[in-house]
There are 2 protein chains.
Amino acid sequence: MKLTSKPSRQAASDAARKWVYPFREGNAQMRDLLGGKGAGLAEMTNAGLPVPAGFTITTEACNAFYQAGEQFPPGMWEQTLEALKEVERESGKRLGDPKNPLLVSVRSGAKFSMPGMMDTVLNLGLNELTLKGLVAATGDERFGWDAYRRFIQMFGKIVLDMVPAEFEAKLEEAKRKTGARLDSDLAARDLRQLVEAFLALVQQHTGKAFPSDPQEQLRLAIQAVFSSWNNKRAIDYRDFNKIPHDLGTAVSIVAMVFGNLGNESGTGVAFTRDPATGERVLYGEYLPNAQGEDVVAGIRTPKKIAQLHEEMPAVYQQFAQIARRLEQHYRDAQDLEFTVERGRLYMLQTRSAKRTAKAAVKMAVDMANERLITRAEALLRVEPNQINEFLHDRFDEKAKEGAAAQGRLLATGLNASPGAATGQAIFDADKAKDLGSRGEAVILVRQETNPDDVHGMLVARGILTARGGATSHAAVVARGLGKPCVAGCEAIEVDPEKRLLRAGDKVVREHEEISIDGTTGQVFQGRIQTVPPDLSQEKELQTLLEWADEVRRLGVWANADYPRDAQRAVEFGAEGIGLCRTEHMFFEEERLPIVRQMILAAGQATEMEDSLAALQRELAQASEERRPAQLRQVKDAQGKVERSKAIKDYHGALEQLLQFQREDFKGIFRAMGSRPVIIRLLDPPLHEFLPRYEELLVEVTELRVRGNNPPLLEEKQGLLRAVEGMREQNPMLGLRGCRLGLLYGAINEMQVRAILEACCTLTREGVPVRPEIMIPLVGHVNELKLVREQLEAVARQVEREQGAKVPYKFGTMIEVPRACLTADEIAQHAEFFSFGTNDLTQTTFGYSRDDAEGKFLLQYVQRKILPDNPFQVLDRSGVGQLIEMAVKKGRATRPDLEVGICGEHGGDPSSIEFCHGAGLNYVSCSPFRVPIARLAAAQAALSQSKKESDK
Amino acid sequence: MKLTSKPSRQAASDAARKWVYPFREGNAQMRDLLGGKGAGLAEMTNAGLPVPAGFTITTEACNAFYQAGEQFPPGMWEQTLEALKEVERESGKRLGDPKNPLLVSVRSGAKFSMPGMMDTVLNLGLNELTLKGLVAATGDERFGWDAYRRFIQMFGKIVLDMVPAEFEAKLEEAKRKTGARLDSDLAARDLRQLVEAFLALVQQHTGKAFPSDPQEQLRLAIQAVFSSWNNKRAIDYRDFNKIPHDLGTAVSIVAMVFGNLGNESGTGVAFTRDPATGERVLYGEYLPNAQGEDVVAGIRTPKKIAQLHEEMPAVYQQFAQIARRLEQHYRDAQDLEFTVERGRLYMLQTRSAKRTAKAAVKMAVDMANERLITRAEALLRVEPNQINEFLHDRFDEKAKEGAAAQGRLLATGLNASPGAATGQAIFDADKAKDLGSRGEAVILVRQETNPDDVHGMLVARGILTARGGATSHAAVVARGLGKPCVAGCEAIEVDPEKRLLRAGDKVVREHEEISIDGTTGQVFQGRIQTVPPDLSQEKELQTLLEWADEVRRLGVWANADYPRDAQRAVEFGAEGIGLCRTEHMFFEEERLPIVRQMILAAGQATEMEDSLAALQRELAQASEERRPAQLRQVKDAQGKVERSKAIKDYHGALEQLLQFQREDFKGIFRAMGSRPVIIRLLDPPLHEFLPRYEELLVEVTELRVRGNNPPLLEEKQGLLRAVEGMREQNPMLGLRGCRLGLLYGAINEMQVRAILEACCTLTREGVPVRPEIMIPLVGHVNELKLVREQLEAVARQVEREQGAKVPYKFGTMIEVPRACLTADEIAQHAEFFSFGTNDLTQTTFGYSRDDAEGKFLLQYVQRKILPDNPFQVLDRSGVGQLIEMAVKKGRATRPDLEVGICGEHGGDPSSIEFCHGAGLNYVSCSPFRVPIARLAAAQAALSQSKKESDK
């Protein structure tokens, strides 16, 4: 926050500033200054719609209020009274006039809607005297006392910081005494007594009488609304929704109109289109003879808006027309509040309607088809991440209804991370990890989670917590992992000691099944059938994505390791495979023993072969006198090589793997047809394929202490030594990627042979192929140069053998800063770059993702040390800077360099926007994020052209 | 290698090129083209010195020879014959003239001297006929036959690729038959028979007669010399000395003069100053009646050059005068070759003299004092790394002589890495590691080493191998580790099975002591007293370093963790401490238990305190209804905090550590006085201070299986869990540096308090202090901002408590790429930057040094994938690019930003040159490298001003 150095000059300039805007002076563009509500009321006023008289105190006034230590800025109060006079003139009433009193509401309203987060005071201006005037004016004594009672109650809670429950208790007491069932059953007399009780409560709580001066009431209410900007609820909401904390709230003061003046009165809310489905129908609720708060509070059950049509057809007609007009005017679905006072309609609010993902997509497509908006606007109307909701497994709706009917709905918590999951309830992370690792479906249930639980969360199908909000650890981690999570489900009680949860009188014990719906927050007992997403049924989404494809410049590819993933990626619209990780194929059950055999033999075999080659080179150069000895050495070494078990094992395993890999690649190429497929050569440290060191260490120690099985001990010790020899302090930065290829060239050669053989076979079958071979983790141009030369020789050799030509490319993954810094050199030997932003983020920050996310990154984001988790949202100023540098340098060397991104960021909309700006050719992401990426890429293109045309 | 696309045009242009330069056409500046030898002979010729007639074939001809597939380039042979004619004219003799034959030598000579690496042929031009002419001309038949026999022998070996031993055998046979003791005892008759035997040998080996046509001899000899550029010896030598392989060798053809024409003849080599000590005396050897090769071959013991003064005073006078003239002319000590033929002096070579470090320093200082060279030139005459030789432990010379006298000198190998060490001979790396880790002095003895031995090499005092050269694994690793190494000591035989070594008839068994001198290559039995370096005795070095200090712009600081290191650093000329690592203090024996107590309690204690603070914040904001419950929670938490053992342990340990650290810092500040001291706050992952996980795991498993000590098992299990909780997959990239400080703020606060309290005490004592507090591993400006704000509050608090002002600075270590990329932001909160180039290299390349050096980096350097080990020589194009960016961005924000480097590169001359160019304020290195850095910094300044004045 900036403070000016000379407060006295500041005060002087503040006094000259305009803090207050009558509705007629505002418009819809002034949201920053007047808040959404104030701007909407002003816009409606100027559009000639029936809006009560009023004015708005600006958000700047709110900020000045905080800067001055919670004091109104100079001039603000005077301008408020000035504006009030205008309202009085317009309404013909006067605040505090005992004969014809003006009552007002004092309403908060920030730039971005924060529903229910801040405070509003109604019926302000009432006291013993004005009450009489109100009764006289309305001719309704009961109404008058009810209004007064509501005012004291609301003012007490919001302005005087009193406990609502105490008022409620008095109200209940009154109802009990009089036998009233509803508030509205209380007579004027009862309400009058209640007012007296309320006033006494205020006296008791504050030590002072309830403020009876209406101007004093107004002053205090404005202060209270300003203060509500910084209540905890509001701060948390802004944190979660990434709304800046320095915007401030505006305050609108509006002449009261009353929906509770009998059956010709009423109040309601309505949407111009169905916010759940997007259908074009007026959708909303209406409560006759009620004030707005009654609708929100849910005390009485409101009627469907259609009822209004029957009860007050003229009013309904007028309202429906206004709704259409507002939608046309704002060119978007509106969320409206209105009040009917004795047959006269008043509009109290219009704002853009919140909507479900499904509704957002349908509304956008419909409106574009209706020519209300352009297709470009339609594309910008849907938040790409919302599409996620179309893509997760859902519970079968029928099955869910059935479960609810059977009474299996246990509770509803916060819908913290979307998706649906069923599994055994497990009450600690260790056990969850054990079971989950064995492939069992587990729901981790905790009071709340902390970083010690992450290992369990990683393998759980879903997470349920009894405490914590949308920003709690469970919620944040689950969203990060893309797993369903219901958080803060306070209605259940978790007992980790007894290993059970209670919900009311129901009990779920460990290993019993539960089902959680992270999209709705519901928790069920037992199993519920899930259904996979079926995008082909989503016509509007398909339409929207087709429009996106027409607009976007970025290609959208997918990361896929198996033919079935490749198939799904194509269905979702992927135009290529940006990353096919060959190591996943190595982990398959029938292959792992072969892979282990290869790895355990690789070191010795390679060393023997290298040393034979070295001896042969020396022989060629040896002097005559040295030659016989040298020849003997070569022969010895050849003999050793021929007899070596290691070499037999190594090449035998490679030969077997070649068969497997060739079939793997055939499947993928077949699925992708003429689309490009980038295959990354083996990348992870080899010890990842071996048994875990710690487990072997325990086994060996046990065998050693027991001493009962020497042969097994010896075998395990041998394995332990081998694994120990390959262990690394920091495997992320160790012997992996192209470094492996440079040491154990035969593995790479096998993979390239498998790729080329697969391609040749398909080519002969007439299936087009576009293989791109990616050499990972290059940091120095020489690494790439050497590996590529070696492998291109293999590729040409296979082509010769098979008599086919394959349009292969060689390129590299850019994953370490040095590759970006020297991209001009690297591009000399790479036909394509693919940014591996996971590793690039790790090395640029110096974070090991495995360690950082559990140990400190969450805290970093919570404490705003970092704006986002850089593994989810690409860090533009650091990692992004390197990417831009690499693209520029790479293209300087090779203008047609194909550049893409295949890290997880490839599916994040903000990161996609960055990639568009950086001039990448494509982004590659998980198949499930392909639709999101298509939309995000279109939005990036649209924002850029907007920016350019704005220039 | 670049090949032009049109060979015919190339050939045409080659033919027009000048390939041959008579001596009178060359000069000293033409080393690139004529090689060192050719340029020297030309320069001497033109200076009017007595040089035999001759000419030089250029290095370009050599390169063209290789490009043409080992063919002379067009025109070269014709130009050679042309130049030969001029020699014939000048000498009055003719090649192949039976009456008055010209004999020539054919000598190699590259730009950089490669002594003994390439080949030379003498006496070329002899055959049956010309021999007669030679005998007639010299009147010495024996000489004639001896010359002929030498020629055949040398030509056979070098040109005809024959085995020298076969010639030697014939020679020995002849001596045995005739009873001759020395070669010179053989009579003309004997030599004639030997010539016949040699010629028969040639016929037998080549299947052809010895080439008798002198022109054919010349052609073949030139070819052979060209070819010798690429013999294995020469390639290895260039690899080791980083001489490019594409320079090529020149070939000089020189009219023969004979030092073996009786006692008025002779040959010798001499230095214009003593190459061992640098003293200004004519130093060299002289062999009467001998050819040059006899001196080099060491067959006869030569006389000191002073003898010449007595034997041929006039010649000596002339030679001494020439020596002085050449030194004056070349402005450097010269290495001269000369021959006296029947009382007439001929100069055959002059070149810059190789010299020991000591001599280099003394010569440079003396010559500057003599005004032969400027001080700037003196500074450039010493290779900074040579100063290393002044800084290592050495064997006491007397003790070494004594050991030699006792017959304890076992053998002499290659002086692969300087320094002296004594210890038990140990024959495998595992055992070396075990003993070395326990602090025992170990010399690792291996046939040769490989990466599996590195763990043993790390703890050994020195390394001895029987095989391998200066670029062998042992040599490279030892130099990297700064440990003494004698490599390729072929005279010893290592028997790892029997665990002993043999040297002749001596045997050293495992655990017996040996001593190795890596500076000389000597290996001794038993212990030899070592002496530490004493720079204060090295007057010339002191002088040179003072001159360096006058010239350099870069400051030279030292890395020092203890007062004694700080003291030494100051003695060596350090101007500040660039890195004081506080964690080393934590490892001291009496402190480690306290540190462990702190660490084991830190997590729980911090969590409890954080959660209490959070509850208190919530209480302040709680609504009335929530307040009582909230208050209860706060009181509960307070109670827990008060009763908590973890909190007591944590703060108790911190309090104890505060005392220790305060004393540590006092000692260092006292040693440094008014010089700046940069103290780095705790950096390593905390688990480094705990017992090793694997060891605990074995202990616990043993206890569990044995089942005989449940209480101990439980205790160890608790510890195991704690250590497991802190383990990381990639600790290098985990919870360390400022990340620790952000999670466990109290540790940083304790350290800053200790620093400030120490400073306040000293300030009151009148000792000046300049503390600079360094926050490590910052990657985002917010990390620095938060930590600094917290710690600056502590600093001010201590100043208030102590009533003193301390001129402290806060800054950061730049160790991850992101810090460089965003240095402009970071500089807003940093008063200084210090580049931690070890970590920056790790993250820029994505290399874990621990893993990379053992697993692949050595291969990378050997295979020239990387030009150097980037942990030794700063990688300019990657890491350097980041550093330059950071300096630029940092200074843009804060022009007076103090910038230095504290990684190991701070002591490497090439890296220092880079730091100078990048505009750093200082380099900081190990105290022992401070003198090296002072000189290197001066050289960097001088090269820069030279470059600028050259512009």
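What you are looking at is a predicted structure, and each value in this text was computed from that prediction instead of being measured. (Residues numbered from 1 in each chain as written. Chains lettered and ligands numbered in written order. Predicted model: local features only at pLDDT ≥ 70, side-chain atom pairs only at ≥ 80, totals over all residues. Heavy atoms only, no water.)

To continue, consider the overall build of chain A. Within chain A, the regular secondary structure consists of 38 helices and 33 strands. In terms of its C-alpha atoms, chain A occupies a principal-axis envelope of roughly 125 × 70 × 60 Å. Within the span of chain A, comprising 951 residues, buried residues form 57% of the whole. Nonlocal contacts in chain A, meaning residues at least 24 apart in sequence, comprise 69% of its contacts between residues at least 6 apart. Per element, the accessible surface of chain A, about 39800 Å² overall, is 48% carbon and sulfur. Here chain A carries 123 positive and 132 negative side-chain charges, and the mean point of each set is 2 Å from the other. (Helix = DSSP H or I, 4+ residues; strand = E, 2+ residues; numbered from the N terminus. Buried < 20%, exposed > 50% of the residue type's maximum accessible area, 1.4 Å probe, protein only. Contact = heavy atoms within 4.5 Å. Areas by Shrake-Rupley, 256 points an atom, 1.4 Å probe, with all protein chains shown as cover. Lys, Arg positive; Asp, Glu negative; His and termini not counted. Charge placed at Lys NZ, Arg CZ, Asp CG, Glu CD.)

Within the secondary structure layout, V873 of chain B lies in the loop between α35 (849–862) and α36 (876–893). The contact partners of V873 of chain B, leaving out residues within four places of it in the chain, are D868, H905, D908, S910 and S911 of chain B.

Another point: the interface of chain A and chain B. Between chain A and chain B, the contact holds 65 residues from the first and 65 residues from the second. For the chain A and chain B pair, buried surface summed over both sides reaches about 6000 Å², with 57% attributable to carbon and sulfur atoms. On the chain A side of the contact with chain B, L733, R818 and K855 of chain A bury the most area, a combined 11% of that side's loss. Taken together, chain A and chain B are joined by 6 salt bridges. A salt bridge links E702 of chain B to R704 of chain A, with the shortest nitrogen-to-oxygen separation between them at 2.9 Å. Along the contact surface separating chain A from chain B lie 42 residue pairs in polar contact (both at pLDDT 80 or more). Sort the elements by how many residues they give to the side of chain A that touches chain B and helix α27 (residues 693–706) of chain A lands first, with 9 residues. Its residues assigned to classes, the side of chain A that touches chain B shows 27 nonpolar, 17 polar and 21 charged. (Buried area = accessible area lost by both parts, 1.4 Å probe. Salt bridge = Lys/Arg side-chain N within 4 Å of Asp/Glu carboxyl O. Polar contact = N/O pair within 3.5 Å; in protein donor to acceptor, adjacent residues only side chain to side chain. Nonpolar A, V, L, I, M, F, W, Y, C, P; charged D, E, K, R; others polar.)

Residues and elements named next belong to chain A. Given a rise of 1.5 Å per residue, 18 residues ought to cover 26 Å, and the 25 Å separating the end C-alpha atoms of helix α13 (residues 313–330) matches this to within 8%. Along α13, the residues that are buried comprise V315, Y316, F319, A320, I322, A323, L326 and E327. Along the axis of α13, the buried residues cluster in a sector spanning 165°; they form a single face. Residues of α13 that are exposed and angled more than 90 degrees away from the buried face: A314, Q321 and R324. Lining the buried residues of α13 we find α2 (31–46), β8 (266–271), α12 (305–311), β11 (334–341) and β12 (344–352). (Expected span 1.5 Å × (residues − 1). Arc of directions from axis to C-beta.)

Now for the relation of the copies chain A and chain B. Superposing chain A onto chain B requires a rotation of 180° together with a translation of 0.1 Å along the rotation axis, leaving an RMSD of 0.3 Å. Such a combination of turn and shift is consistent with a two-fold rotation axis. No C-alpha of chain A approaches the rotation axis more nearly than that of N730 of chain A, which lies at 2.1 Å. A shared binding surface is used by both copies, with 100% of the interface residues of chain A retained as interface residues in chain B. (Least-squares fit on C-alpha atoms with pLDDT ≥ 70 in both.)

Keep in mind these values describe shape, not function.
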